[in-house]
Amino acid sequence: MPHDIVVGIDGSTEGLAAAHWAAQEAQRRGIGLSVIHVWHRHPRRAPYVPMDSTERDWAEQLLHEAVRSVRAAHPGLRITDRLVCDATVAGLLKTAADADLLVLGSRGLGALGGFLTGSVSQRVVGRSTRPVVLVRAGRSAADEHLPATDGVAPEEIPETPYRQVVLGLQTDRPCDELIEFAFDAARRRGTSLSVVHAFRPAPVPSVPLVSAAPEGPAPAPRPQAQALADEERTVAAVLRLWREKYPTVPVTETVTEGRAAAVLVQAAQDAGLLVVGRRGIDHQVGVCTGPVTHAVLHHVGCPVAVVPHD
């Protein structure tokens, strides 16, 4: 049974952008939207709270303003709101524990052209058991679509094609939840899916200067062309069943040698959504998003979906 999408707002422009993105996604999925604001009492009055208002009153006002904005733009959508008094990260995780999706805002584009993720979003992404989407400030409905031709009215923008969805794929331990999320996102948007896999060739074994009598010839490293062909066959095998399950989704496969983070950042430049994975929490080392996910969250401008998996 599908659950609502949950979006966390905090009175910022990026939070409002996330709320509108979440509303569009809820409409695509045919489910409702839950807008939440997590607040907590400070020992002293917070500097942003007016003198004639309490912290709770201020929190309610932020929530009501966000909901009013979303309802005005999406009049047919079922929207609920909830004010939560708790630590921010804990409150977001508890509220979204059964959600289809949790959506948060980023702090906008930085000097490197990507997310400036705050400690809250970083910790939520690292701990959430549900998929999390980060949306940067200034993101609008038009940004999900390809550029409109001259003469197209604003209300006609939804009729222009969606930008493609990009999936970062690992082949050593492919994850069904991650792949299905990307295929489903492309299907709902009526757009193509670009599957990107980057690999690093196995290192050439070093030859000692002085060695005992050889026991046999050392295995030769794969030639570059052979390594690429092997990786392409593996990607095709991983995606075969998913292509059959989603026959209407056009799929392109890009396999390239290089660092995964750099390859994904380049591939997502014109994307409408980037989908990456995050392995489960390692209680030995604590919360960790992984180097590739961490990099794309800081350097990609489009919304990024982080799907947790084992």
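Residues numbered from 1 in each chain as written. Predicted model: local features only at pLDDT ≥ 70, side-chain atom pairs only at ≥ 80, totals over all residues. Heavy atoms only, no water.

1. Description of helix α7 (residues 260–267)
For α7, every residue scored as buried is listed here: Ala261, Val263 and Leu264. One side of α7 carries all its buried residues, which in axial view fall inside an arc of 165°. Tucked into the core, α7 has its buried residues touching β6 (165–168), β7 (193–199), β8 (251–257), β9 (273–279) and α8 (291–299). (Buried < 20%, exposed > 50% of the residue type's maximum accessible area, 1.4 Å probe, protein only. Helix = DSSP H or I, 4+ residues; strand = E, 2+ residues; numbered from the N terminus. Arc of directions from axis to C-beta. Contact = heavy atoms within 4.5 Å.)

2. Section: the side chain of Ser121
Tracing the sequence through the fold places Ser121 in helix α4 (residues 119–127). Setting aside chain neighbours within four positions, we find Ser121 in contact with Leu104 and Leu134.

3. Concerning the sheet that holds β6
For sheets, the rule is that strands pair by backbone hydrogen bonds, running either parallel or antiparallel. Strand order in the open sheet made by the 10 strands is β3-β2-β1-β4-β5-β10-β9-β6-β7-β8, with mixed pairing throughout. Where the open sheet ends on each side, the last strands, each with one partner, are β3 (79–85) and β8. Sheet twist, expressed as the mean angle between neighbouring strand axes with direction ignored, is 25°. Along the sheet, helix α3 (residues 88–95) makes contact with β1 (5–8), β2 (33–39), β3 and β4 (101–105), crossing β2 at roughly 155°. (Pairing = 2+ DSSP bridges. Axes fitted to C-alpha atoms, helices over the stretch in contact; angles between N-to-C directions.)

4. Notes on the side chain of Glu144
Relative to the helices and strands, Glu144 resides in the loop between β5 (132–135) and β6. You can call Glu144 buried: its relative accessible area is 1%. Among the polar contacts listed, one links the side chain of Glu144 to the side chain of Arg28, at a separation of 3.4 Å. Beyond its immediate stretch of four places on either side in the chain, Glu144 contacts Trp21, Gln24, Arg28, Tyr162, Arg163 and Arg189. (Polar contact = N/O pair within 3.5 Å; in protein donor to acceptor, adjacent residues only side chain to side chain.)

5. Details of the packing of aromatic side chains
This structure, assessed with the given rule, holds two aromatic pairs. Among the aromatic residues, ring-to-ring pairing joins Phe183, Trp242 and Tyr246 into one connected group. Its end group placed over the ring of Trp21, Arg28 keeps NZ or CZ at 6.0 Å from the ring centre. (Phe/Tyr/Trp six-rings, centres within 6.5 Å; stacked < 30°, edge-to-face > 60°. Lys NZ or Arg CZ within 6 Å of the ring centre and 35° of its normal.)

6. Here's the deal with the packing of helix α5 (residues 176–189) against helix α6 (residues 224–245)
Where α5 contacts α6, the axes come no closer than 11 Å and their chain directions differ by 40°. On the basis of their axis angle, the class for α5 and α6 is oblique. The chirality of how α5 crosses α6 is right-handed. Across the interface between the two elements, Asp176, Ile179, Glu180 and Phe183 of α5 pack against Val238, Leu239, Trp242, Arg243 and Lys245 of α6. The residue makeup of the contact of α5 with α6, split by class, is five nonpolar, no polar and four charged. (Parallel < 35°, antiparallel > 145°, perpendicular 65-115°, else oblique. Left-handed = near helix turned anticlockwise from the far one by under 90°. Nonpolar A, V, L, I, M, F, W, Y, C, P; charged D, E, K, R; others polar.)

7. Here's the deal with the environment of Trp21
Tracing the backbone shows Trp21 in helix α1 (residues 13–29). For the pair Trp21 and Pro303, spaced 282 residues apart in the sequence, the C-alpha separation amounts to 9.0 Å. Apart from the residues lying within four places of it in its own chain, the contact partners of Trp21 are Arg28, Leu101, Val103, Val133, Val135, Glu144, Arg189, Leu273 and Pro303.

8. Observations concerning the pattern of salt bridges
A full pass over the atoms with the stated rule returns 14 salt bridges. The shortest N-O distance in the salt bridge between Asp4 and Arg78 comes to 2.9 Å. With Asp4 in the segment before β1 and Arg78 in the loop between α2 (55–73) and β3, the pair connects residues that are 74 residues apart, well separated along the chain. We note a salt bridge from Glu180 to Lys245, for which the minimum N-O separation is 2.8 Å. Remark: Lys245 occurs in helix α6 and Glu180 occurs in helix α5; sequence separation between them is 65 residues. Note on Glu180: relative accessible area 29%, which makes it partly exposed. Lys245 sits in the partly exposed class, given a relative accessible area of 48%. A single network of salt bridges, built from pairs that share partners, joins Glu25, Arg28, Arg29, Asp100, Glu144 and Arg189. (Salt bridge = Lys/Arg side-chain N within 4 Å of Asp/Glu carboxyl O.)

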